[in-house]
Amino acid sequence: ARAGLGGPPLLLPSMLMFAVIVASSGLLLMIERGILAEMKPLPLHPPNREGAAWRPALSRPAGLSLEAGDSDLQVRQDVRNRTLRAVCGQPGMPRDPWDLPVGQRRTLLRHILVSDRYRFLYCYVPKVACSNWKRVLKVLAGVLDSVDVRLKMDHRNDLVFLADLRPEEIRYRLQHYFKFLFVRDPLERLLSAYRNKFGEIREYQQRYGAEIVRRYRAGAGPSPAGDDVTFPEFLRYLVDEDPERMNEHWMPVYHLCQPCAVHYDFVGSYERLEADANQVLEWVRAPPHVRFPARQAWYRPASPESLHYHLCSAPRALLQDVLPKYILDFSLFAYPLPNVTREACHQ
């Protein structure tokens, strides 16, 4: 990152933390050897509602039952919380949104949705079921009759964002409201964004796809359609992008939701989406008839097999350049780095 065009390079906190993590745990070596690939995604359970997500004292709220095998998963959660404490406790890391530079704070506040009726804040992450969560918020606000109403989601109207409020109103809600977000395997989220935006959305093909082809494809010509971007071309584009200025659909969750500046009470996972989402609804005392929408029958999420194919088809050197952009998402939310060894890719 630079202070401006031609300005001196600045070591931002996120890059500083990346350097600390890499130096302390050898993550680049893990990327090369894929030694974390046997770790499975961790279902995350809420800590004590009165405490921050990264604080050491964790307890389950009343009524939350543990499923079989959750004792093992709790160990993984403890690792995640220790990582959050280590990263967020470093000097210079933000303690609240007003510690953030203006641009980062603006991004954060524009991604936190407010329910005053049920006293919660939800940081939405594109490609992690955020459209369904927005539908739920509209039902809770009385704008929609049911989560099953079939209509194109309007991502702005009838929703309240923290950015819409005055500073004192923001501070009150951050201090007193229940706060949550949902996360997903970083590379699976990237693949989902790639397939959706460049395979289906003409606006993205014209705005981003055409530019990507012009930049990274030899002999592309001055006016490509942008509807045939390859996954490696998309990854090359991400390598050259500043994470803090990326489109929200592939911006790292760390920059979208700032888990050091906002002490989230609950981090749900895409892998346990329905169970975690309905637990949140129970926790905020939503009416019994309000449930999280079931996945549409036509929707085909990015599968582990599809992700494995795309990663193994991409140059390994390119993956090594992309992964540091998302290393805090992998580390803070306990997701495994991909196994892209020759042996794994030939299986």
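If you're wondering where the values come from, they're calculated on a predicted model, not measured in any experiment. (Residues numbered from 1 in each chain as written. Predicted model: local features only at pLDDT ≥ 70, side-chain atom pairs only at ≥ 80, totals over all residues. Heavy atoms only, no water.)

A. Layout of helix α12 (residues 304–313). Within the sequence span of α12, burial applies to Ser306, Leu307, His310 and Leu311. Taken end-on, α12 shows its buried residues confined to a sector of 125 degrees, consistent with a single buried face. Across α12 from its buried face, at more than 90 degrees, point the exposed residues Pro304, Glu305 and Tyr309. If you follow the buried residues of α12, they end up packed against α7 (186–200), α9 (231–239) and α13 (316–322). (Buried < 20%, exposed > 50% of the residue type's maximum accessible area, 1.4 Å probe, protein only. Helix = DSSP H or I, 4+ residues; strand = E, 2+ residues; numbered from the N terminus. Arc of directions from axis to C-beta. Contact = heavy atoms within 4.5 Å.)

B. The pattern of salt bridges, seen in detail. According to the stated counting rule, one finds 11 salt bridges in the structure shown. One salt bridge connects Arg173 with Asp116, and the closest N-O pair in it is separated by 2.8 Å. With Arg173 in helix α6 (residues 167–176) and Asp116 in the loop between β1 (112–115) and β2 (120–123), the pair connects residues that are 57 residues apart, well separated along the chain. Take Asp116: its relative accessible area is 40%, and that puts it in the partly exposed class. Arg245 is the partner of Asp242 in a salt bridge, and the nearest nitrogen-oxygen pair spans 2.5 Å. Taking relative accessible area as the criterion, Asp242 reaches 21% and is therefore assigned partly exposed. By sharing partners, the salt bridges in this structure join Arg166, Glu168 and Glu169 into a single network. (Salt bridge = Lys/Arg side-chain N within 4 Å of Asp/Glu carboxyl O.)

C. Representation of the packing of α7 against α9. Viewed as axis vectors pointing N to C, α7 and α9 meet at an angle of 110 degrees, and their least axial separation amounts to 11 Å. Between α7 and α9, the angle is such that the two are roughly perpendicular. Note that α7 runs across α9; the crossing there is right-handed. From α7, Leu190, Leu191, Tyr194 and Phe198 reach across to α9, where they touch Phe231, Phe234 and Leu238. Along the lines of polarity and charge, the residues of the contact of α7 with α9 split into seven nonpolar, no polar and no charged. (Axes fitted to C-alpha atoms, helices over the stretch in contact; angles between N-to-C directions. Parallel < 35°, antiparallel > 145°, perpendicular 65-115°, else oblique. Left-handed = near helix turned anticlockwise from the far one by under 90°. Nonpolar A, V, L, I, M, F, W, Y, C, P; charged D, E, K, R; others polar.)

D. Region of interest: the side chain of Arg189. Mapped onto the elements of the fold, Arg189 is located in helix α7. The charged side chain of Arg189 is buried without a salt bridge, its nearest counter-charge being Asp329 at 4.8 Å. Beyond its immediate stretch of four places on either side in the chain, Arg189 contacts Val125, Pro126, Lys127, Val128, Arg184, Glu248, His249, Trp250, Met251, Pro252, Val253 and Leu256. (Lys, Arg positive; Asp, Glu negative; His and termini not counted.)

E. Quick peek at the packing of aromatic side chains. Summed over all chains, the structure comprises 24 aromatic pairs. The interplanar angle of 55 degrees and the centroid separation of 5.1 Å between the aromatic rings of Trp133 and Phe292 together place this pair among those described as tilted. Residue Trp133 is located in helix α5 (residues 130–140), and its partner Phe292 is located in the loop between α11 (273–283) and α12; the two are separated by 159 residues in the primary sequence. Phe292 gets classed as buried once you look at its relative accessible area, which sits at 3%. Measuring from centroid to centroid gives 6.2 Å for Tyr204 and Trp250, while their planes differ by 75 degrees, and the two rings are edge-to-face. Here the residue Tyr204 occupies a position in helix α8 (residues 202–216), and Trp250 occupies one in the loop between α9 and α10 (253–257), the gap between them amounting to 46 residues. Accessibility classification places Tyr204 together with Trp250 in one group, the buried group. Counting every residue linked through ring pairs, the aromatic cluster contains Phe120, Tyr122, Trp133, Phe178, Phe180, Phe182, Phe266, Trp283 and Phe292. Lying across the ring of Trp98, Arg171 places its NZ or CZ 4.1 Å from the centre. (Phe/Tyr/Trp six-rings, centres within 6.5 Å; stacked < 30°, edge-to-face > 60°. Lys NZ or Arg CZ within 6 Å of the ring centre and 35° of its normal.)

F. Expanded view of the sheet that holds β1. Read from one edge of the open sheet, four strands run β1-β2-β3-β4, paired in mixed fashion. At either end of the open sheet lies a strand with only one pairing partner, and these are β1 and β4 (266–269). Across the sheet, the mean angle from the axis of one strand to that of its neighbour is 25 degrees, orientation sign disregarded. Across four bridges, the pairing between β1 and β2 is antiparallel. Directly across from Ser115, in β2, lies its bridge partner Phe120. (Pairing = 2+ DSSP bridges.)

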